[in-house]
Amino acid sequence: MKNIYYIEKKINKENELRKRAWISIEEPSTEDKNFLLDELKIPAAFYNDIEDIDERPRIEVEDDWTFVLLRIPYKTTNEKSPFITIPLGIVYNDDYFVTITFYKTDLLQDFVNYYSTRKSIVETDNLNLILRFHLSASVWFLKYLKQINIQIKNAENDLERSIKNEDLQTLFNIEKSLVYFSTSLRSNEILLYRFKNQRKIKNILDEELLEDVEIELKQAIDSSHIVSDILSGMMDAYASVISNNLNVIMKRLTSISIILMIPTLIASIYGMNVTNHLENNPNGIYLILFGSIILSIVGVWVFLKKKWF
C-alpha cells in the first residue's frame, strides 16, 4: 500500500508524486515493487534487505541513494510471539524520501497523525526526519513495554491462585519478546551512534531533537532491561516454587505409603500358612485389625510430630 505525503510544517497527504515528497509503502504489492525498482530506481539490494525480517540496522550508500535500516516494534496476533521487531527501511536521495516496511504498523500511522494534527515539523531535512522516525520507534518500544508489563502482572495474579502451564507459557512467550526488544534497541543505539558521528552530517542534525532521541532510546533500553530482569526473577521464583511443591507432594506420598505398609505387613505375617497362635482364636481377626489400626495411628502421630505430613 502506497501513500504519498508532502512535509511543509505539517504532514499533508498528496495524490500525485512530486519532488521532496515522502513516499510511505507498507506491505508492498508487485505494483509497489515495480514502482520502487523501475520508476524510482531504488537499488534492488536495498529492497531485498528490507524484506529480510532479521536484517540488522545500518547505513549504506549506493549511487545517489542513501539507505538507513531501523528496527521498530510490532505487535502480532501470534500468542507464541506477541511482540517482535521488524525492519523499517528508509531510502532517500535529493528528490524523494521513501519508507518501506513489509508489515502494516501502528507506528507509521501514528507518525502521520502526530505530525499532521498535533505538532509541526520545523525542518524538512532528510537526516532530521530520520531522527524523528528513530524517536517514534523508541516511543513505541516504551508503549509496548508498558503493555508487556501489564501482561506480566496479569499472569502473576493468575499464578498466585494456581500455577498452570498456560500462564507459565505466557511468561515464556513474553520473555522471547523482551529478547527481541533488547537486541533491536541495542542495534538502534549503535546505529544512532554511527549516524550522529559522521562528520558530513554532524553539523546538520538538530541538537535538541538528537538529545530527545538519545533520552527516549536510553529510557527504552533501561525499561527493557528492568522488565526482563523482573521477568527472569519471577520465572526463577516460580521454578523454585514448582520444585518445592513437587518435593512436598513426594514427601506426603512417601509418608502415606509407609503408613499403609504397616497394616499390609501385619496382614502378610498373619496370612502365612504357619502357626501364629491366633488361628484357633475366634477374635483373632479383630485383634489383628485393632493392632494394625493402633500401629498406623502411632505412625501418623510420629510423622505429624516431625512435620513430615
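Residues numbered from 1 in each chain as written. Predicted model: local features only at pLDDT ≥ 70, side-chain atom pairs only at ≥ 80, totals over all residues. Heavy atoms only, no water.

## Some remarks on the sheet that holds strand β6 (residues 83-92)
Part 1 of the reasoning: Taken together, the seven strands give an open sheet; going across it, the order is β2-β1-β3-β7-β6-β5-β4, and neighbouring strands pair in mixed fashion. Lying at the two open borders of the sheet, with one neighbouring strand each, are β2 (10-14) and β4 (58-62). Shown here is a sheet whose adjacent strand axes are inclined to one another by a mean of 25°, direction ignored.
Part 2 of the reasoning: Taken together, the five bridges between strand β1 (residues 2-8) and strand β3 (residues 21-26) define a ladder with antiparallel strand orientation. Of the residues in β3, the one forming a bridge with N3 is S24.
Part 3 of the reasoning: Its contacts with the sheet place helix α1 (residues 30-39) against β1, β3 and β7 (96-101), and it is angled at close to 140° to β3. (Pairing = 2+ DSSP bridges. Helix = DSSP H or I, 4+ residues; strand = E, 2+ residues; numbered from the N terminus. Axes fitted to C-alpha atoms, helices over the stretch in contact; angles between N-to-C directions. Contact = heavy atoms within 4.5 Å.)

## Focus on helix α2 (residues 44-51)
Part 1 of the reasoning: Looking only at α2, the buried set comprises F46, Y47, D49 and I50. The arc that holds every buried residue of α2, seen down its axis, measures 160°, which confines them to one face.
Part 2 of the reasoning: Close packing links the buried residues of α2 with α1, β4, β5 (65-75), β6 and β7. (Buried < 20%, exposed > 50% of the residue type's maximum accessible area, 1.4 Å probe, protein only. Arc of directions from axis to C-beta.)

## Description of the environment of N15
Part 1 of the reasoning: With respect to the element layout, N15 can be found in the loop between β2 and β3.
Part 2 of the reasoning: It is 21 Å that separates the C-alpha atoms of N15 and T101, two residues lying 86 residues apart in sequence.

## A word on the environment of E62
Part 1 of the reasoning: By the secondary structure assignment, E62 is in strand β4.
Part 2 of the reasoning: Residue class for E62 comes out partly exposed when judged on its relative accessible area of 32%.
Part 3 of the reasoning: Contacts of E62, omitting those with residues within four sequence positions, involve P43 and F46.

## Quick word on the confidence of the model for the protein
Part 1 of the reasoning: When the pLDDT values of the protein are averaged, the result is 84; 94% of them are 70 or greater.
Part 2 of the reasoning: For the protein, helix α6 (residues 199-202) is the element with the lowest average pLDDT, namely 58, and β6 is the one with the highest, namely 93. (pLDDT = per-residue confidence, 0-100.)

## With respect to the pattern of salt bridges
Part 1 of the reasoning: As enumerated under the stated definition, the model contains six salt bridges in all.
Part 2 of the reasoning: R58 serves as the salt-bridge partner of E60, at 2.5 Å between the closest nitrogen and oxygen.
Part 3 of the reasoning: In the salt-bridge network here, residues are joined through shared partners; they are D49, E55, R58 and E60. (Salt bridge = Lys/Arg side-chain N within 4 Å of Asp/Glu carboxyl O.)

## Some details on the environment of V91
Part 1 of the reasoning: Assignment of secondary structure puts V91 in strand β6.
Part 2 of the reasoning: Considering only alpha carbons, one finds V91 and E60, 31 residues apart in sequence, at a separation of 9.5 Å.
Part 3 of the reasoning: For V91, the residues in contact, after removing those within four places along its chain, are I42, F46, I50, W65, T66, F67, Y96, F97 and V98.

## Topic: empty space enclosed by the protein
Part 1 of the reasoning: If you walk through the whole model with that rule in mind, you get one cavity of 30 Å³ or more.
Part 2 of the reasoning: Of the volumes computed, that of the largest cavity is approximately 30 Å³.
Part 3 of the reasoning: For the largest cavity, the full set of lining residues is V68, I130, L131, H134, L191 and F195.
Part 4 of the reasoning: Where the lining of the largest cavity is concerned, the elements lending two or more residues are α4 (126-161) and α5 (165-196).
Part 5 of the reasoning: When grouped by side-chain class, the residues that make up the lining of the largest cavity number five nonpolar, one polar and no charged. (1 Å grid on protein atoms, 1.4 Å probe; cavity = no way out; pocket = protein on both sides within 12 Å on 5 of 7 lines; lining within 4 Å. Points joined across faces, edges and corners; volume = space filled by probe spheres on them. Nonpolar A, V, L, I, M, F, W, Y, C, P; charged D, E, K, R; others polar.)

## Some remarks on a nonpolar patch on the surface
Part 1 of the reasoning: Together, F290, I293, I294, I297, V298, W301 and V302 make up a nonpolar patch on the protein surface, roughly 680 Å² of accessible area in all.
Part 2 of the reasoning: Here I293 shows up in helix α8 (residues 284-305).
Part 3 of the reasoning: According to the relative accessible area criterion, I293 is partly exposed, its value standing at 49%. (Patch = residues over 30% accessible without salt bridge, like charges linked within 9 Å, V, L, I, M, F, W, Y side chains within 5 Å. Areas by Shrake-Rupley, 256 points an atom, 1.4 Å probe, with all protein chains shown as cover.)

## Topic: the side chain of N188
Part 1 of the reasoning: Tracing the backbone through its elements, the reader meets N188 in helix α5.
Part 2 of the reasoning: Among the polar contacts listed, one links the side chain of N188 to the backbone oxygen of R71, at a separation of 2.8 Å.
Part 3 of the reasoning: Each residue touching N188, except ones within four places of it in the same chain, is listed here: P57, L70, R71, H134, F141 and L217. (Polar contact = N/O pair within 3.5 Å; in protein donor to acceptor, adjacent residues only side chain to side chain.)

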